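The chain contents come next:
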Amino acid sequence: MRRGFMYNREELLNIVGSALSEKRFRHTLGVEKMAINLAMVYDEDREKASVAALLHDYAKELPKPFLLKKAAESGIEMDPVYISSPGLLHGPVGAVLVRERFGIEDEDILNAITYHTVGRVGMSKLEKIIYLADITEENRVFDDVERIREKQMQGLDEGLLESLRQTIVFTVERGLMVHHNSIDLYNSILEKRG
Ligand SMILES: [Fe+2]
Ligand SMILES: [Fe+2]
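Residues numbered from 1 in each chain as written. Chains lettered and ligands numbered in written order. Predicted model: local features only at pLDDT ≥ 70, side-chain atom pairs only at ≥ 80, totals over all residues. Heavy atoms only, no water.

## Points about helix 9 (residues 145-154)
Part 1 of the reasoning: By the burial criterion, the buried members of helix 9 are Val145, Ile148, Arg149 and Gln152. Each buried residue of helix 9 sits inside an arc of 105 degrees when the element is viewed along its axis, so together they form one side.
Part 2 of the reasoning: Packing partners of the buried residues in helix 9 comprise helix 2 (22-41), helix 8 (125-136) and helix 10 (156-173). (Buried < 20%, exposed > 50% of the residue type's maximum accessible area, 1.4 Å probe, protein only. Helix = DSSP H or I, 4+ residues; strand = E, 2+ residues; numbered from the N terminus. Arc of directions from axis to C-beta. Contact = heavy atoms within 4.5 Å.)

## Concerning the pattern of salt bridges
Part 1 of the reasoning: Taken as a whole and judged by the stated rule, the model has 16 salt bridges.
Part 2 of the reasoning: Salt-bridge contacts for glutamate 32 lead to arginine 9; the nearest nitrogen and oxygen are separated by 2.8 Å. Residue glutamate 32 is located in helix 2, and its partner arginine 9 is located in helix 1 (residues 9-19); the two are separated by 23 residues in the primary sequence.
Part 3 of the reasoning: Among the residues examined, arginine 9 registers a relative accessible area of 32% and is labelled partly exposed.
Part 4 of the reasoning: Its salt-bridge partner being arginine 120, residue glutamate 127 comes within 2.8 Å of it at the nearest N-O pair.
Part 5 of the reasoning: Note on glutamate 127: relative accessible area 2%, which makes it buried. (Salt bridge = Lys/Arg side-chain N within 4 Å of Asp/Glu carboxyl O.)

## Points about the coordination of the iron ion (ligand 2)
Part 1 of the reasoning: At the metal site, the iron ion (ligand 2) is ligated by His27 (NE2), His56 (NE2), Asp57 (OD) and Asp134 (OD), and these contacts range over 2.2 Å.
Part 2 of the reasoning: Written as a sequence motif, the donor residues of the iron ion (ligand 2) are H-x28-H-D-x76-D.
Part 3 of the reasoning: The iron ion (ligand 1) is placed at 3.4 Å from the iron ion (ligand 2), the two being bridged by aspartate 57. Placement of aspartate 57 in the loop between helix 3 (46-55) and helix 4 (64-73) and of aspartate 134 in helix 8 is noted, with a sequence separation of 77 residues between them. (Donors = N, O, S within 2.8 Å, 3.2 Å for Na, K, Ca; no water.)

## What to know about the packing of helix 1 against helix 2
Part 1 of the reasoning: Look at helix 1 against helix 2: their axes get within 10 Å of each other, and the N-to-C directions meet at 145 degrees. In this structure, helix 1 crosses over helix 2, and the sense of that crossing is right-handed. Between helix 1 and helix 2, the contacting residues are Arg9, Leu13, Val16 and Gly17 on the first element and Phe25, Leu29 and Glu32 on the second.
Part 2 of the reasoning: Classifying every residue of the contact of helix 1 with helix 2 gives four nonpolar, one polar and two charged. (Axes fitted to C-alpha atoms, helices over the stretch in contact; angles between N-to-C directions. Left-handed = near helix turned anticlockwise from the far one by under 90°. Nonpolar A, V, L, I, M, F, W, Y, C, P; charged D, E, K, R; others polar.)

## Considerations on the packing of helix 8 against helix 10
Part 1 of the reasoning: Packing of helix 8 against helix 10 brings their axes to within 10 Å, and their N-to-C directions diverge by 50 degrees. Considering the angle they form, helix 8 stands oblique to helix 10. Seen from above, helix 8 lies across helix 10 with left-handed handedness. Within the contact between the two elements, helix 8 uses Lys125, Lys128, Ile129, Tyr131, Leu132 and Ile135 and helix 10 uses Leu156, Asp157, Gly159, Leu160, Ser163, Leu164 and Thr167.
Part 2 of the reasoning: Tallied by class, the residues present in the contact of helix 8 with helix 10 amount to seven nonpolar, three polar and three charged. (Parallel < 35°, antiparallel > 145°, perpendicular 65-115°, else oblique.)

Shown next, in the form of structure tokens:
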């Protein structure tokens, strides 16, 4: 991590504590716990996992018009899926905001925040960890969450494949658009497996 940003967990907790509702704050702590757990299993930097996890939903409770405006100003690629579900922009916009406001310049951390909503082909280890921890943290209760928890211990791609399968099916069943990043990522993992 660059000079200028010093890891201070207490400070990060204060920041997200005031940006988020109690429920989402609890979720965030769960994501941090799971992300650190996965970081230990897969030999990733635990401090980076903590920072990315604590800040991943920083923009989650901002109004949709603000997300759209900030995304346009920041040159975030506008996609029809983002237009129809602006809430998804809390990933990319969150990354812009934490860079501007807290001086976080670590690209891997910023990418982990950016892509935790829809994923992307070629995700780094940290990006995969945050994506999965967001879905499998201890407060999450949905059918088959346990299956993703098991798979992610067999391999990050195994976990991703299972979670993408569930997310894509769920999204399609609700009649919503699926972001192409998620489909591309799903296909790329299957392709890699052969
Ligand atoms: Fe999120
Ligand atoms: Fe989240």
